[in-house]
Structures are given as structure tokens and as C-alpha cells.
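Chain residues, written in single-letter form:
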Amino acid sequence: MKKIFLSLLIVLMLTSESYAVASIVKAPGFTKCTVNTAALNMRCGPSSNYKIVKTLKYGTELKAIGKINSWYIVQTSDDTIGMVSGWYISPVDNTSSQNNTSTNNTSNNTTTNVNDLTMTSDEQTIFDLVNETRKNAGLSELKLDKEVLKVARLKSQDMVNNNYFSHTSPTYGTPFQMLKSFGINYKSAGENIAGYATAKAAFEGWMNSSGHKANILGDSYNYTGIGVVSSPRYGLILTQMFIGR
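Before going into details, it helps to say that this report is about the structure given with it.

Conventions used here
Residues numbered from 1 in each chain as written. Predicted model: local features only at pLDDT ≥ 70, side-chain atom pairs only at ≥ 80, totals over all residues. Heavy atoms only, no water. Helix = DSSP H or I, 4+ residues; strand = E, 2+ residues; numbered from the N terminus. Contact = heavy atoms within 4.5 Å. Areas by Shrake-Rupley, 256 points an atom, 1.4 Å probe, with all protein chains shown as cover. Buried < 20%, exposed > 50% of the residue type's maximum accessible area, 1.4 Å probe, protein only. Pairing = 2+ DSSP bridges. Salt bridge = Lys/Arg side-chain N within 4 Å of Asp/Glu carboxyl O. Lys, Arg positive; Asp, Glu negative; His and termini not counted. Polar contact = N/O pair within 3.5 Å; in protein donor to acceptor, adjacent residues only side chain to side chain.

Description of the overall build of the protein chain
Per the secondary structure count, the protein chain includes seven helices and 11 strands. By sequence separation, contacts in the protein chain at least 24 residues apart represent 66% of the contacts at least 6 residues apart. Taken as a whole, the protein chain presents about 12,000 Å² of accessible surface, with 50% of it coming from carbon and sulfur.

Now the structure itself:
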């Protein structure tokens, strides 16, 4: 495994793009994954600023080799090696011991008590980190909307129950359709989703992604709801919904 990591870093260093070799390559937590979006660009480094190596179709199976922040080092069936954003792949199996400790999804209180609209400690962590970041950026803090919180919990649980990771739910449709179906009115709306071992790690992953960071710092939003449930695959599945009224 160390040889593979070293080989990849050498390949990245030899490209015309600069690359921080001091980045720490970690174990991916799973060995196989599939592309969960219509088209996914495999790049030569861990951000969308790096050159595209190959474009992958929905359902393409990949071998996971390593991880740098929220980007994964993957290998295709034709032995092409590159990096993809973790938001657009779904693990097929899981070799991480920390994610194998829970197999009963209903044991988490956010799944059995969706109508208990008090934030859990993980949800509170995301709420506080987001508002601290907004405050530091000179933006107004988001207010908690408990009905949006309920919808966010249902979305996270739906991803666990139906074994998918996507903004479009087979049960509820898009985030915008889901909000409207629960009677939530808005002028603007957005959604961040993540699968991580901890809430703090999920927030850091969002802040390392331009699109997710834009939602967190969106000046058109003034309300939010956060739903965190346990996941045997990731540890936690997190959904944060943003709305503006």
C-alpha cells in the first residue's frame, strides 16, 4: 500500500500542476466504490483546480487506494489512477473498523425520534461551527428552523435506509421538492450532505469544497436545519438544509 501511495504522489508531482507532497495520505476506509453522479471528473490532484485525467460515468466501479482530505485516490478497471471528490462516490464495501461497530440504524435517537426537535450533540456541533464561520465572515448567523431540521433528519435516514448518497432521493426527490412536500416555503434553498466519522470532520470537508462552503456562507439564507443519523458505512450521515425567506 505504501508503494502505491508513493507511486501516485510521484505521478502527481510529475504533472504540470503543482502539488503539496506534504499532504497526508490516509486509508480510504473502503476498498471498492461506485460513481453516484451522471459524470465525474477524475483529476490529478485533490481539488477541482487540477487537470482532468478521465471522466467517469454513473455506476463506474473504482478501487479505492487512499484519501487526502475529502478527495479519494482511486483506480479504474483499466488501471487509470487519479483523484475524485468523496461527495460523488458511494462505497461498495467497508474495511474500516470504526465504521463496523454499528449495524443497527434504528439505535440512533435521530432515527427513532424525528419528532423530538431538540438538536443532538452532533447537530449542535454543525450548527455552532457554521454560525461561527458566518460570524467571522461578517454574515448574520442562521436561525434554527425545527421543521427544516425534521426534513434534514428524514433525508439523512433515507440515505441510510436506501443505501445511496445523493442530493436526489428515490423517496422524496430533490431537496427543493422535499422541502415543498413538507409544506416549507422559501425564496432560496440549498443542501449539504456528508458521510464522515464525526460531525467536525464533516464540517471541515464541507469547508474544503467550494460548493458546500458557498452554501455555508450564502448570504441569501437565514434559516437552517441539520439532521445527523448513524450509518454503518460512514459512521455518520449528515444533511444540512439552508433556506432563505
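Having put the structure on the table, let's press on.
A closer look at the pairing of strand β9 (residues 188–196)
Look at any regular strand and the pattern is simple: side chains alternate between the two faces of the sheet. Burial within β9 is extensive, with nine of its nine residues counted as buried. Two elements, β9 and strand β11 (residues 235–244), share nine bridges in a ladder whose sense is antiparallel. Among the inter-strand pairings, Gly190 is bridged to a residue of β11, identified as Phe242.

As for the sheet that holds β9
Paired through their backbone hydrogen bonds, the strands of a sheet run either parallel or antiparallel. Strand order in the open sheet made by the four strands is β8-β10-β11-β9, with mixed pairing throughout. For this open sheet the edge positions go to β8 (143–144) and β9, each flanked by a neighbour on one side alone. Pairing geometry for strand β10 (residues 223–231) and β11, over nine bridges, is antiparallel. Bridging from a neighbouring strand, Thr224 pairs with Phe242 of β11.

What about the pattern of salt bridges?
Applying the stated criterion across every chain yields a total of four salt bridges. Among the ionic pairs, Lys155 bridges to Glu191, the shortest N-O distance being 3.0 Å. With Lys155 in helix α4 (residues 146–161) and Glu191 in strand β9, this residue pair connects regions lying 36 residues apart in the sequence. The exposure class assigned to Lys155 is buried, which follows from its relative accessible area of 1%.

Structural notes on the side chain of Lys67
Checked against the element boundaries, Lys67 lands in strand β4 (residues 61–68). One buried charged side chain, Lys67, makes no salt bridge at all; its nearest oppositely charged neighbour is Glu204, positioned 9.4 Å away. At 3.4 Å, the side chain of Lys67 and the side chain of Tyr72 are in polar contact.

Some remarks on the environment of Tyr221
By the secondary structure assignment, Tyr221 is in the loop between α7 (210–216) and β10. Take Tyr221: its relative accessible area is 9%, and that puts it in the buried class. Sequence spacing of Tyr221 and Leu142 is 79 residues, and the spatial spacing of their C-alpha atoms is 7.3 Å. If sequence neighbours within four positions are ignored, Tyr221 has contacts with Arg134, Leu142, Ser188, Ala189, Gly190, Asn215, Phe242, Ile243 and Gly244.

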